[in-house]
Amino acid sequence: MSTIKSDLRYSAEHEWIDTAETGPATVGVSAVATDALGDVVYVSLPEVGDTITAGESCGEVESTKSVSDLYAPVTGEVTEINQDAIDNPGILNEDPYGAGWLFKVDVASEGPLLSAEEYAQKNGIDG
Amino acid sequence: MTKQTALYAEHELLGASFTDFGGWQMPLKYRSELEEHHTVRRAAGLFDLSHMGEVWVTGPQAAEFLNYALVGNLAAIAVGKAKYSLICTEDGGVIDDLIVYRRADDRYLVVPNASNADTVAAALQERAVNFDVAVEDESENTALIAVQGPAAEAILLDIAAESSRQLITELKYYAAVEVELVGMQVLLARTGYTGEDGFELFIGNTGAVQLWKAVAAAGAQHQIAPCGLASRDSLRLEAGMPLYGNELGLDTNPFEAGLGGVVSLKKPDNFVGRSVLEPLKEATLERKLVGLQGGGRRSARAGYNVVVDGAVVGTVTSGLPSPTLGYPVAMAYVNTALAEPGTEVQVDLRGKPEPFTVVATPFYRRKK
């Protein structure tokens, strides 16, 4: 499995964002992050209707080993959250870029985002 | 430069991710640490613990010496039995917790933690000057493999020589015996750090790979899996066992850690730390180590503050979401007045207090 998906953009804090479709963007955490965290056992997400701010904490991802904040990669209003990720956090490890997506957000403005190539380079992974 | 155990190449073949622990490159996990945890509770796990120390104490005054160097009464252990003990400073601080095996009237094996092995060996050497004993640090030459879980005994029986089978089935908890496994002499101890039945196998480095492979092969039909330090930590915490560096350290004394019973004040011998520890037994402790059970889903972590009405009343030493129990568990030092089971406290989880209840440990106890 490739740990970085080439058609996404990333925050330095390991969130990925998919802005390819028209409408709200989809956000999750990268496989680089879930591999480092270990088995995810608890996810807390913003609520639908919340306004999140790029670079600020908007939730938590917790494994048996450690916990890390979920940082908003963009500013905007949350339009949908993935209840499956809350009910079955293991999907963040199994399919971080697919079934393990976290929430959708109506993007008002972007924070600093990295291309897949830049993100790979920053994390010492050959693209 | 971090050290590698004799089993390092095996771990690489198994796809382990590694972590630096006590100066050693050790497997953190092979696949999923949660799955490894559950496998130990349900079947059996195979651990490389070769980073632990092995210090042999031999000589006519071995028993007297250990009674001076350690806080427990090691002279009272029968040959073949083991005892959990502590080595303390003159000030009563804990240098390490360790297991002491009596192998003969005049011969003991002391097993310290990896991160303290050098310190413990040096302290024992230093304390031995006035005793007729030899202290030999064999840590670098000795491998230690643990087989932990309900299937552990069945797995070892599969690779034991006929003459060793009864020795294994009759081996009591905290006892050790020389057995023959796959044609090799192994010192087999019924000890562990997981809360399950299980064994720890001491063998020279040269036999380690063969023994590891034999246990793995025999264990396959019992669903054994190699397990790393991540699951070892979650297993020991559920079992309420302290980890040096978290619950124990130079700034903790045995009584506040709930290990007063390990300190033998009945033994006639003077021992290092006695003058400080003896009065502490009757003194009112400022703080005590307690178990905490989380009321929510968020877990307390080492270093977080325990609070009551906004005031800091303690510090978390270990904490995680318990894989077996499904709720957060933690250990913490709290003000003695708040140490009674049932006491409601909060833990400041990164700015947001969450409710926790003081509970008795272990959090998890296996069914007999």
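Residues numbered from 1 in each chain as written. Chains lettered and ligands numbered in written order. Predicted model: local features only at pLDDT ≥ 70, side-chain atom pairs only at ≥ 80, totals over all residues. Heavy atoms only, no water.

### Here we look at the interface of chain A and chain B
Item 1. Counting residues at the interface gives 15 residues for chain A, matched by 16 residues for chain B.
Item 2. Taken together, the two surfaces of chain A and chain B that pack against each other cover about 1300 Å², and 47% of this comes from carbon and sulfur.
Item 3. R298(B) is paired through a salt bridge with E60(A); the nearest N and O atoms lie 2.4 Å apart.
Item 4. Put simply, chain A and chain B have 12 residue pairs in polar contact (both at pLDDT 80 or more) between them. (Contact = heavy atoms within 4.5 Å. Buried area = accessible area lost by both parts, 1.4 Å probe. Salt bridge = Lys/Arg side-chain N within 4 Å of Asp/Glu carboxyl O. Polar contact = N/O pair within 3.5 Å; in protein donor to acceptor, adjacent residues only side chain to side chain.)

### A few points about the nonpolar core
All names here are of chain B.
Item 1. Ranked by internal contacts, the top residues of the largest apolar core, which has 34 residues, are L156, I168, L181, L201, L211 and V215.
Item 2. Sorting the residues of this core by element identifies β3 (44–48), β9 (142–148), α5 (152–159), β10 (176–181), β11 (184–189), β12 (198–204) and α7 (205–219) as the ones contributing at least two each.
Item 3. Tallying contributions element by element places α7 first for this core, with 6 residues.
Item 4. Those residues in contact with L181 that sit more than four places away from it in its chain are L156, I159, A160, I168, V186, L201 and L211.
Item 5. Grouped together as the second largest cluster of nonpolar side chains are 24 residues, V55, I77, F131 and V135 included. (Core = buried A, V, L, I, M, F, W, Y, C linked by side-chain atoms within 4.5 Å. Buried < 20%, exposed > 50% of the residue type's maximum accessible area, 1.4 Å probe, protein only. Helix = DSSP H or I, 4+ residues; strand = E, 2+ residues; numbered from the N terminus.)

### Digging into the packing of α5(B) against helix α6 (residues 162–169) of chain B
Residues and elements named next belong to chain B.
Item 1. Between α5 and α6, the least distance of the axes is 9 Å, while the angle of their chain directions is 165°. What the angle tells us is that α5 and α6 run roughly antiparallel. Handedness of the α5/α6 crossing: right-handed. Counted together, E153, L156 and L157 of α5 and R165, I168 and T169 of α6 form the full contact between these two elements.
Item 2. Tallied by class, the residues present in the contact of α5 with α6 amount to 3 nonpolar, 1 polar and 2 charged. (Axes fitted to C-alpha atoms, helices over the stretch in contact; angles between N-to-C directions. Parallel < 35°, antiparallel > 145°, perpendicular 65-115°, else oblique. Left-handed = near helix turned anticlockwise from the far one by under 90°. Nonpolar A, V, L, I, M, F, W, Y, C, P; charged D, E, K, R; others polar.)

### Description of the sheet that holds strand β17 (residues 328–335) of chain B
Residues and elements named next belong to chain B.
Item 1. Pairing within the closed barrel is antiparallel, and its 6 strands lie in the order β14-β17-β16-β15-β18-β19. Strand-to-strand, the axes of this sheet are offset by a mean angle of 45°, without reference to chain direction.
Item 2. By the bridge criterion, 7 bridges tie strand β14 (residues 287–294) to β17 in an arrangement that is antiparallel. Across the sheet, L292 pairs through a bridge with A330, a residue of β17.
Item 3. Contacting β16 (311–321) and β17, helix α8 (residues 229–238) crosses the sheet at an angle of about 125° to β16. (Pairing = 2+ DSSP bridges.)

### Focus on the pattern of salt bridges
A side chain with one charge can pair with a side chain of the opposite charge if their charged atoms come near.
All names here are of chain B.
Item 1. Summed over all chains, the structure comprises 18 salt bridges over all chains.
Item 2. Linking K3 and E140 is a salt bridge whose minimum nitrogen-to-oxygen distance equals 3.1 Å. With K3 in the segment before α1 (8–13) and E140 in the loop between β8 (134–137) and β9, the pair connects residues that are 137 residues apart, well separated along the chain.
Item 3. For the salt bridge of R236 with E247, the shortest nitrogen-to-oxygen distance reads 3.1 Å. In this pair, R236 sits in helix α8 while E247 sits in the loop between α8 and α9 (274–282), placing the two residues 11 residues apart along the sequence. Each member of the pair, R236 as well as E247, carries the same accessibility label: buried.

### Overview of the domain arrangement of chain B
Residue and element names in this part refer to chain B.
Item 1. Per the domain assignment, the segments making up chain B are domain 1 (8–49 + 141–238), domain 2 (55–133) and domain 3 (284–368).
Item 2. Here the C-alpha centre of domain 3 lies 31 Å away from the C-alpha centre of domain 1.
Item 3. Both sides together, the interface formed by domain 1 and domain 3 hides about 1100 Å², and carbon and sulfur atoms give 59% of it.
Item 4. Our count for the domain 1 to domain 3 interface comes out at 0 salt bridges.
Item 5. For the side of domain 1 that touches domain 3, the elements supplying multiple residues, two or more each, are α2 (33–42) and α8.
Item 6. Per-class residue counts for the side of domain 1 that touches domain 3 are 2 nonpolar, 4 polar and 6 charged. (Domains from an automatic or database assignment.)

### So, the sheet that holds strand β3 (residues 25–29) of chain A
Residues and elements named next belong to chain A.
Item 1. Within the open sheet, the 7 strands sit side by side as β5-β8-β9-β3-β2-β1-β10. Their pairing is antiparallel. Looking at strand neighbours, the two that pair on one side only are β5 (51–52) and β10 (114–115), the edges of this open sheet.
Item 2. In the sheet, strand β1 (residues 9–10) pairs with β10 via 2 bridges, with the strands oriented antiparallel. Within β10, the residue paired with Y10 across the bridge is L114.

### With respect to a negative patch on the surface
All names here are of chain A.
Item 1. On the surface, E47, D50, E77 and D106 cluster together into a negatively charged patch.
Item 2. Position of E77 relative to the elements: it lies in strand β8 (residues 74–81).
Item 3. Taking the relative accessible area as the measure of exposure, E77 reaches 43% and is therefore partly exposed. (Patch = residues over 30% accessible without salt bridge, like charges linked within 9 Å, V, L, I, M, F, W, Y side chains within 5 Å. Areas by Shrake-Rupley, 256 points an atom, 1.4 Å probe, with all protein chains shown as cover. Lys, Arg positive; Asp, Glu negative; His and termini not counted. Charge placed at Lys NZ, Arg CZ, Asp CG, Glu CD.)

### Re the layout of surface pockets
All names here are of chain B.
Item 1. Computed from the structure, the largest pocket encloses a volume of approximately 790 Å³.
Item 2. Around the largest pocket, the lining comprises 41 residues; the ones closest to its centre are Y84, G240, M241, P242 and L259.
Item 3. Looking at the lining of the largest pocket, the elements with two or more residues in it are β6 (94–104), β14 and β19 (352–359).
Item 4. In terms of residue class, the lining of the largest pocket is built from 27 nonpolar, 8 polar and 6 charged. (1 Å grid on protein atoms, 1.4 Å probe; cavity = no way out; pocket = protein on both sides within 12 Å on 5 of 7 lines; lining within 4 Å. Points joined across faces, edges and corners; volume = space filled by probe spheres on them.)

### A closer look at the packing of aromatic side chains
Item 1. Within this structure, the stated rule accounts for 7 aromatic pairs over all chains.
Item 2. With a centroid separation of 5.0 Å and 75° between ring planes, the pair formed by Y173(B) and Y174(B) is classed as edge-to-face.
Item 3. With relative accessibility at 17%, the residue Y174(B) sits in the buried group.
Item 4. Aromatic rings pair up to connect F65(B), Y68(B) and F131(B) into one cluster.
Item 5. Between the NZ or CZ atom of K104(A) and the centre of the ring of W101(A), over which it lies, the distance is 5.3 Å.
Item 6. Here R41(B) stacks its cationic end above the ring of Y364(B), 3.8 Å away from the centre of that ring. (Phe/Tyr/Trp six-rings, centres within 6.5 Å; stacked < 30°, edge-to-face > 60°. Lys NZ or Arg CZ within 6 Å of the ring centre and 35° of its normal.)

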